[in-house]
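These are the residues of each chain, in order.
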Amino acid sequence: MPSGGELAALRRRTSAVLAASQVLGGLGVATGIALAAVLAEEVSGSEGLAGLAMTSSVLGTAVLSLPLAALMAARGRRAGLTLAYLVGAAGGGVVVLAAVLGSFPLLLAGMAAFGAGSCANLQARFAAADLAEPDHRGRAIAMVVWATTIGAVLGPNIAAPAGRSVAGLGVPQAAGPFLWGAGVFLLAAALVFAMLRPDPLLTSRALAAAGPAAPEPARARSLRAGLSAVTASAPARLALVTIAGAHTTMVSIMVMTPVDLDHHGAGIELIGLVISGHIAGMYAFSPLMGRLCDRLGRVPVISAAVALLACAALVAGTADGDHTRSAVGLFLLGLGWSAGLVGGSALLTDSVPQAARAAVQGLSDLAMNAAAGVGGALAGLVMAKAGYGWLNAAAAALLLPVAALVLLTRHRRPAAAGR
């Protein structure tokens, strides 16, 4: 077993490797999806089918969450993250092949596999919490989330040169970013495979087994055990609903905001600035959310997430052509998402037995991506029928279960409401 000093060094090394993999993973995802809708329209020949590319990627992320979580529960984070990046790389290759062949069904299959890269990025935040001290879990999660900022900002900016790089190869330019994204995922897989040693999850289990508590059997790591752990814990239920609710609210509003801005005369540059501000709210302030999470407690940060997301829906939904209000609303939307993801992830890790954590975390990512996939698909229908303002109102209503569970959790655990 590592000594105190060795364990501290291992925590730093693990965090550094995960942060570096997040930079690469975020870059791979953002580079690929930058022109996903454009490529889907070119291949399908239909503007109406263009949105299915991103929907397929989100649903792929959701579906792949469970098998990857099961692998991590059995073999550790290193095996699961490496495989996730490899599957994402293979998905990028399939997308390029589909573009060359002009096959839309193959394109959707490739996009689903490409979503494994997002699985890895999401699961890395939990890997950062494996060895973190309980009072520092929020910060550990937040720093890995923050590292995504670099790749998320750089990715769209290299999509154009990535497209030009395949000119003359018989590959559509809109598919070039996926070729680059696949290459970046391979680098991330190599980094994790070579450097994420010893495995943080397996090391955490070994440390727990060496403690006074009796070691838990392997069946306690199953997905069924994870589901049981969530249903048995009110804080875990709050955490799961927070992560899914915050993500769905964010996606539902964000995905239709460029359309609303366009309807009110905004140009591409202005739309890009608004979305950039939104991304900054999502990632750049996550270290602050992690610090607040550890100092004030998980539930207060979740409460702040509900308030920020509700304010975002109010400000954006009533902008009515005021581009400054739209920008403020989208920034608050990103900030609320950050608070919900960091606070919910820390509370979820705190609230279930160590053996069940990997399974529970996989269920969390399944729930958030499945719900967001449905929310994103319905957002266009709601906007078409009722307008952007009502879309924001509907998205804000998704926060009511989170608010109700916050009140119930505080009422049941008054002495530990902060956690």
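Please refer to the structure placed before this passage.
Residues numbered from 1 in each chain as written. Predicted model: local features only at pLDDT ≥ 70, side-chain atom pairs only at ≥ 80, totals over all residues. Heavy atoms only, no water.

Novice: In this structure, what is going on with the nonpolar core? I would like to understand it.
Specialist: Judged by nonpolar contacts, the single largest core of 63 residues is most densely connected at Leu238, Leu333, Leu348, Val360 and Tyr388. Ignoring any residue separated from it by four or fewer positions in sequence, one finds Leu333 in contact with Thr249, Met250, Ile253, Met254, His278, Leu309 and Ala312. (Core = buried A, V, L, I, M, F, W, Y, C linked by side-chain atoms within 4.5 Å. Buried < 20%, exposed > 50% of the residue type's maximum accessible area, 1.4 Å probe, protein only. Contact = heavy atoms within 4.5 Å.)

Novice: Would you explain the layout of surface pockets in this entry?
Specialist: Rolled over the atoms, a probe with the dimensions of a water molecule shows which regions are left empty. In this model, the second largest pocket occupies a volume close to 340 Å³. Elements that contribute at least two residues to the lining of the second largest pocket include exactly α1 (4-33) and α7 (137-164). Here the element with the most residues in the lining of the second largest pocket is α1; it accounts for seven residues. Considered class by class, the residues forming the lining of the second largest pocket number eleven nonpolar, three polar and four charged. (1 Å grid on protein atoms, 1.4 Å probe; cavity = no way out; pocket = protein on both sides within 12 Å on 5 of 7 lines; lining within 4 Å. Points joined across faces, edges and corners; volume = space filled by probe spheres on them. Helix = DSSP H or I, 4+ residues; strand = E, 2+ residues; numbered from the N terminus. Nonpolar A, V, L, I, M, F, W, Y, C, P; charged D, E, K, R; others polar.)

Novice: Honestly, the side chain of Thr349 in this entry has me stumped. Any pointers?
Specialist: Within the fold, Thr349 resides in helix α16 (residues 323-351). Classification of Thr349 by relative accessible area gives buried; the value is 3%. Dropping the residues within four chain positions of it, Thr349 is found in contact with Phe126, Ala129, Arg137, Arg357 and Gln361.

Novice: Just to check I follow, could you spell out α7 for this structure?
Specialist: Given 3.6 residues per turn, any residue in an α-helix points the same way as the ones three and four places further on. Here α7 contains 28 residues, and its C-alpha end-to-end distance of 42 Å stays within 8% of the 40 Å for a straight helix at 1.5 Å per residue. Largest kink in α7: about 40°, centred on Ile158, with the proline Pro161 one to four residues after it. (Expected span 1.5 Å × (residues − 1). Bend = angle between axes of the 7 residues up to and from the residue.)

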